[in-house]
Amino acid sequence: MKKIIKNGTIVTASDTFTADLLIENGKITAIGQEFSDLGAEVIDAKDRYVFPGGIDPHTHLEMPFGGTVTKDDFETGTIAAAYGGTTSIIDFCLTRKGVPLQSSIKEWHKKASDKAVIDYSFHLMIGEMNDNVLSQLKEVVEQNGITSFKVFMAYKNVLQADDETLFRTLIAAKDLGALVMIHGENGDVIDYLTKKALSEGKTDPIYHALTRPPEVEGEATGRAATLTGLANSQLYVVHVSCADAVEKISEARKKGVDVWGETCPQYLVLDQTYLEKPNFEGAKYVWSPPLREKWNQEVLWNALKTGQLQTLGSDQCSFDFKGQKELGRGDFTKIPNGGPMIEDRLTILFSEGVKKGRISLNQFVDITSTRIAKLFGLYPKKGSIAVGADADLVIFNPKVERILSAESHHMAVDYNAFEGMKVTGEAESVLVRGEFVIKEKQFVGELGSGKYIKRAKYGELLESHTHTLSI
């Protein structure tokens, strides 16, 4: 059925204007004024913004970690994402050494295909690099449309890769047209510091932050940027949390290195003191990199405003406080790392960023959608409001005030990291390829309706449609 969204203020990464949108067969087919309804469903967006659907480039749904599995899977995670105004996610597909890459990819498809209510794609973790792995990567890019590889520089003896693996991945990615992503922390130094803390009886959650100081993030980020320049490749630094890492990214970009940086809402509004909460409550705020001293927040905001950082991911990786985070009582290294962020990503950036004058409305769209689409091979099908683009749209009320809380969120996890925060703005209706997933704040989507997206190579445009893969 055709739909017409009328009277809304359309906001893209470059423009703000009032117009109507005509949607047919999942696409935006016209932008103009006073369309005759022709039997279309008419949605009045008066006094509302109409944004391109948010794209979350950094999620961990149904991911095994630390002897447990993240609480939110592709059902609850994508429903919560939709409530927050996100219409596409890119999840991290973990691999295992010696196991064919296609085996891991099939495993992730199985997790997502019958549950996702929004569109999705995958990044592929690279834990080792040898001729066997290298021979598989071309198929991963060409056949699977996975055009981003993740290398962990931390989590020693679990996920961490060495510098040779990172460098060879950068070289391979340059040839294949893929973007290399890093978790930028020096895992060897962290391993030493955590063992030392435990030997001294320092077991509380705050020591998670104190054994992962900002210097280890800055060092690893700078090292990765240097290797990227040496390989003449491209790099995306995930979850930047501190001034040290921002400085390294900025320095590399000034030298002409192709480096991009992402931060997350938690680093913009929360700080290290949250890990000091009594009665083990600090465990709720254990993720990596850790929360930093509060002064880093303004550095991150300024980096978004000036383009030193370009995107906002959620790093959604939720674990219940009861029964999961509690695994680390008496040993902070056993607290599962991660938090529930997928639902509140856009609202926090709008409320704390746009409403407080830190970033513009157009920057908001670029940071949460358009730039992500361009970097990860989704543009212009995703991340834009233009004729021919997928009708992934958010009708957003910019004036409503509300309180973030576990009582009202839609994630499966038993706490909200932003509990009690007063925010302005809310996604009221959300469409994916022209179909409502959220309609007037009610979930009306269908499990399994989300489609897998084969992405274009780095720097290229996505010309293909969404795909349903047989696995």
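Structural data are supplied above this passage.
Below: a short report on this structure. (Residues numbered from 1 in each chain as written. Predicted model: local features only at pLDDT ≥ 70, side-chain atom pairs only at ≥ 80, totals over all residues. Heavy atoms only, no water.)

## Focus: helix α11 (residues 345-354)
What counts here: Here the term buried applies to any residue with accessible area under 20% of the maximum for its type, exposed to any over 50%, and partly exposed to those in between, with areas from a 1.4 Å probe on protein chains only. Runs of E in the DSSP output that reach at least two residues are strands. Runs of H or I that reach at least four are helices, and both are numbered from the N terminus.
For α11, the buried fraction is high: 10 of the 10 residues fall into the buried class. Of the residues making up α11, those classed as buried are R345, L346, T347, I348, L349, F350, S351, E352, G353 and V354.

## Some remarks on the pairing of strand β3 (residues 27-32)
Cut-off, in case you're wondering: Strand pairing is assigned whenever DSSP detects at least two bridges linking the two strands.
Direction of pairing for strand β2 (residues 16-24) relative to β3: antiparallel, over a ladder of 5 bridges. Along β3, the bridge assignment pairs D20 with G32. The antiparallel pairing of β2 with β3 creates a hairpin that spans 2 residues between the two strands, and N25 there sits at a positive phi of about 50°.

## What to know about the nonpolar core
The line we're drawing: Here the nonpolar core consists of buried residues drawn from Ala, Val, Leu, Ile, Met, Phe, Trp, Tyr and Cys, with membership extended through side-chain atoms lying within 4.5 Å. Residue contacts are defined here by distance: any two heavy atoms, one from each residue, within 4.5 Å place the two residues in contact.
The biggest cluster of nonpolar side chains holds 117 residues, and the ones touching the most others in it are L124 and F149. In contact with F149, other than residues within four places in its own chain, are L124, I126, L137, V140, V141, T169, A173, L176, A178, L179, V180 and M181. One finds L179, L375, I453 and A456 within the second-largest nonpolar core, a separate group that totals 17 residues.

## Quick notes on helix α5 (residues 187-199)
Keep this limit in mind: Multiplying one less than the number of residues by 1.5 Å gives the expected span of a helix. Relevant arc is that of directions from the helix axis to the C-beta atoms, nothing else. Here a polar contact means two N or O atoms within 3.5 Å. Within protein one must be a hydrogen donor candidate and the other an acceptor candidate, and residues neighboring in sequence count only if both atoms are side-chain atoms.
Counted at 1.5 Å a residue, the expected span for α5 with its 13 residues is 18 Å, and the 18 Å between its end C-alpha atoms agrees. Among the residues making up α5, those that are buried are G187, I190, D191, T194 and A197. Projected down its long axis, α5 carries its buried residues within an arc of 135°, all on one side. Exposed side chains of α5 directed beyond 90 degrees from the buried face belong to Y192, K195 and S199. Buried residues along α5 sit in contact with α7 (214-231). The residue sitting at the N-terminus of α5 and contributing the capping side-chain oxygen is N186; that oxygen lies 3.2 Å from the backbone nitrogen of D188. Positive backbone phi, approximately 80°, marks G201, located one or two places after α5.

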